[in-house]
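Residue-level structural notes
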Amino acid sequence: MTVQPLTFVHMTDLHVNAPGVSDDMLFSDTTETLKRTLSEIKRMAERPAFIVASGDLTNHGEPEAYATVAGIFEEAALDIPVLFALGNHDRREGFVVGFSDLHQDASQPYDHDSVMNGLHVIVLDSSVPDEIGGYWEAGQMDWLRARLADHADLPKLLVMHHAPMVAEEAPEMEMEWESLSLAATNELRDAIKGANIVGILSGHVHLDRVHHWHGIPVVIGMGHHAATDAVALPDAFHMLDGTGFAICTLRPSGLTATFAAHPQSREIRKTLTMQMLLEYIEQRKAAAAE
Ligand SMILES: [Fe+2]
């Protein structure tokens with residue numbers, strides 16, 4: 001039975017490293033930010049039914065980084081279920097070590113679903129090793145179709161690190177690394193036809209952003225790492241001091257996401273160039289090939 005209104009939390013892009021790791025691609029103290037978010041959740045007057053963490057749980061995907069994430073959640077002792085998704089900064093090989101109770105086969109995407117107080121939450125793994133953008137592997141959309149047929153009477157919430165592409169009508173204007181690819185966006189659209197989807201929760205672009213995608217609200221969180229400077233886009237990619245999470249409420253009338261920002265200066269922490277992003281992809285591919 002659906003219990004409404006239903007309150008839950010959306011956090012994303014945790015980008016946690018193991019203690020002591022030196023990392024010139026980390027622009028804020030993400031460990032402290034995760035602790036801060038968890039203490040804010042503790043402070044919530046209305047206890048959330050569950051927490052969604054929609055990918056980029058770690059900055060580089062080492063087992064020790066996942067163990068650190070798990071340890072921080074454990075230490076917070078919230079006793080609230082957490083649904084994890086994987087993003088492009090994650091590595092399944094690390095995740096299966098750090099979260100061996102959740103996923104065991106690193107060759108398979110981490111797709112899973114659960115029913116939370118009458119809401120059917122379906123989490124899809126849109127990460128592909130050594131790619132920044134989001135794609136589906138063979139079989140994932142069939143798996144989604146089968147899940148959508150389960151609990152047919154319940155509303156569905158989808159979670160995926162990469163949101164659907166916004167400007168499907170002008171894909172040449174989009175950069176596929178910012179979202180699901182155009183092909184993956186279309187495959188998702190086909191798979192969910194006719195389903196009662198109350199929303200899609202995503203991360204990846206480090207912006208608080210809401211868009212409507214064929215009638216479905218897509219909620220993207222700024223995350224825990226560094227905020228993209230929306231004003232400077234698309235000419236410059238400034239990563240600003242800015243973090244936060246969202247409190248979501250599902251009512252019979254639909255989904256609300258209330259963004260809860262942490263204190264932030266919005267100062268530039270790093271300016272990324274396309275060249276740096278391309279070099280980063282090359283580095284990851286080279287490291288994976290070793
Ligand atoms: Fe991220």
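Scroll up to find the structure.
Residues numbered from 1 in each chain as written. Predicted model: local features only at pLDDT ≥ 70, side-chain atom pairs only at ≥ 80, totals over all residues. Heavy atoms only, no water.

Per the secondary structure count, the protein includes 6 helices and 14 strands. Taken along its principal axes, the extent of the C-alpha atoms in the protein is 50 × 45 × 40 Å. Going through the 290 residues of the protein one by one, you find that 54% of them count as buried. A sequence separation of at least 24 residues applies to 70% of the contacts in the protein between residues at least 6 apart. (Helix = DSSP H or I, 4+ residues; strand = E, 2+ residues; numbered from the N terminus. Buried < 20%, exposed > 50% of the residue type's maximum accessible area, 1.4 Å probe, protein only. Contact = heavy atoms within 4.5 Å.)

Tracing the backbone through its elements, the reader meets Y110 in the loop between helix 3 (92–98) and strand 4 (112–116). Judged by relative accessible area, Y110 falls into the buried class, the value being 4%.

A few words now on the sheet that holds strand 10 (residues 227–228). Spatially, 10-11-14 is the arrangement adopted by the 3 strands of the open sheet, whose pairing is antiparallel. Among the strands making up the open sheet, the edge pair consists of strand 10 and strand 14 (268–272). Sheet analysis places strand 11 (residues 237–240) next to strand 14, joined by 4 bridges and oriented antiparallel. Counterpart to H238 in the pairing with strand 14 is T271. (Pairing = 2+ DSSP bridges.)

So, on to the coordination of the iron ion. The coordination sphere of the iron ion contains the protein donors D13 (OD), H15 (NE2), D56 (OD) and H206 (NE2), at a distance range of 2.0 to 2.3 Å. Around the iron ion sit 4 donor atoms, and with donor-metal-donor angles ranging over 87 to 175° the site reads as irregular. (Donors = N, O, S within 2.8 Å, 3.2 Å for Na, K, Ca; no water. Tetrahedral: all angles 85-135°; square planar, octahedral: opposite > 155°, others 65-115°.)

This brings us to the packing of helix 1 (residues 30–43) against helix 2 (residues 63–76). The interhelical angle for the contact between helix 1 and helix 2, taken along N-to-C directions, is 30°, at an axis separation of 10 Å. Regarding the angle of helix 1 to helix 2, the classification is roughly parallel. Crossing geometry of helix 1 relative to helix 2 is assigned as right-handed. Between helix 1 and helix 2, the residues in contact are T31, L34, K35, L38 and K42 and I72, F73, E75 and A76, respectively. (Axes fitted to C-alpha atoms, helices over the stretch in contact; angles between N-to-C directions. Parallel < 35°, antiparallel > 145°, perpendicular 65-115°, else oblique. Left-handed = near helix turned anticlockwise from the far one by under 90°.)

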